[in-house]
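# Reading the structure
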Amino acid sequence: AAPETDLKTFLDNADATMLRLSNEANQAGWTQETYITPDTEAIAARANEGLINAVTGFATRAGTFNAQTATPVQQRQLAVLKNSLTMASPSEPKESAELAQLVTSMNAAYGRGKYCPPGEGSAETCLDVEAITEILAKDRNPARLRDVWEGWHTISPPFKQNYVRFAEPSNKGAKELGFADTGAMWRSRYDMPPEEFGKELDRLWDQLRPLYLSLHTYVRTKLHQ
C-alpha cells in the first residue's frame, strides 16, 4: 500500500481506539470518584492503564511517519498524537500497571480526604473537598477560612511517597520516547523546544510584572481605605 494509505489507516485506527478507550477510562473514573472502593479503584486503574499504553504506542508510532508526505490535516493529527501524552507508560508491563495504579490511588485518596476540625466532636463534622469549597466561597470569618485552608492541606503529606514513586516510571516512559523526563515531555507540547519554554515564560513574566505589581498596590490601597 502507498505510504499515504498506511498513514490514513494508522490515523483512523488511532482516532477510533483512543475515543473508545478514553470513554471507557472516563466512565470508570467517574464511577471510581463517585463510589470510592478498592474494586472501583482497580477497575479505573485497568482502564487508565489501557488508555495510557495505547496513547504511548500511538505517539511512538506517529514519530515514524514522514509528515512531509502527509496532508495538512494529517500533519496536524500526527502533531497532536505526538504531543497528547500527560503520562508516558514505560515498556515494562509491571511498571506500566503500577503507574496506572498509583495515579488512580492518589486520585481516590484526594476524593476520600477529609479535614476534621479539632474539638468539634464527631466524624460528622469532618469536611471533604466540597464542604471546604463551600466554606471558602461563603464564609467571611478570617480565622475560620485560615483553619479550613490549612486543615485541608494536611491531607496531602501522605501522598508524598506515592508521588515520588509515580515520578520514576513516568520519567522512564518519557525517556523511552526521547525526552529528558516527564517535565520536558510536558513542555514540548508548546511550539518550541522544552529548554526554551522556561526562557519564554520568564520573558512574558517580565512584561507582565509591572502591571501585576501596580494592580496589587492599587488594590491594597483601596482595602486600607
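The text that follows walks through the structure, step by step, so that each part is easy to find. Since this is a predicted model, take the numbers as computed values, not measurements.

Conventions we followed
Residues numbered from 1 in each chain as written. Predicted model: local features only at pLDDT ≥ 70, side-chain atom pairs only at ≥ 80, totals over all residues. Heavy atoms only, no water. Helix = DSSP H or I, 4+ residues; strand = E, 2+ residues; numbered from the N terminus. Buried < 20%, exposed > 50% of the residue type's maximum accessible area, 1.4 Å probe, protein only. Contact = heavy atoms within 4.5 Å. Lys, Arg positive; Asp, Glu negative; His and termini not counted. Charge placed at Lys NZ, Arg CZ, Asp CG, Glu CD. Axes fitted to C-alpha atoms, helices over the stretch in contact; angles between N-to-C directions. Parallel < 35°, antiparallel > 145°, perpendicular 65-115°, else oblique. Left-handed = near helix turned anticlockwise from the far one by under 90°. Nonpolar A, V, L, I, M, F, W, Y, C, P; charged D, E, K, R; others polar. Salt bridge = Lys/Arg side-chain N within 4 Å of Asp/Glu carboxyl O.

## Details of the overall build of the protein chain
Across its full length, the protein chain carries 9 helices and 0 strands. Counting helices and strands in the order they occur from the N terminus, the protein chain gives α-α-α-α-α-α-α-α-α. Buried residues in the protein chain amount to 29% of all 225 residues. Once local pairs closer than 6 in sequence are excluded, the contacts in the protein chain between residues at least 24 apart make up 64%. Put simply, the protein chain has 24 plus and 29 minus side-chain charges, and the middle of one group is 4 Å from the middle of the other.

## Thoughts on the packing of helix α2 (residues 38–62) against helix α3 (residues 72–82)
The contact between α2 and α3 brings their axes to 8 Å, and the two run at 130°. Here α2 is positioned oblique relative to α3, judged by the angle of their axes. Both α2 and α3 take part in a crossing whose hand is left-handed. Between α2 and α3, the contacting residues are Phe58, Ala59 and Ala62 on the first element and Leu78, Leu81 and Lys82 on the second. Of the residues belonging to the contact of α2 with α3, the class tally is 5 nonpolar, no polar and 1 charged.

## Let's talk about the pattern of salt bridges
Taken as a whole, this structure holds 10 salt bridges when the rule is applied. Of the charged contacts, one joins Asp12 and Lys8 as a salt bridge, the two residues approaching to 2.8 Å between their closest N and O atoms. Highlighted residues: Asp12 and Lys8, both in helix α1 (residues 3–34), separated by 4 residues, approximately one helical turn. Judged by its relative accessible area of 40%, Asp12 is partly exposed. Measuring nitrogen to oxygen at the nearest pair gives 2.8 Å for the salt bridge that ties Glu98 to Arg165. Taken together, the residues Glu98 in helix α4 (residues 93–112) and Arg165 in helix α7 (residues 160–176) connect sequence positions 67 residues apart. Several salt bridges share partner residues, and in doing so they unite Glu98, Arg165 and Glu168 into one network.

This is a description of form; function is not addressed.
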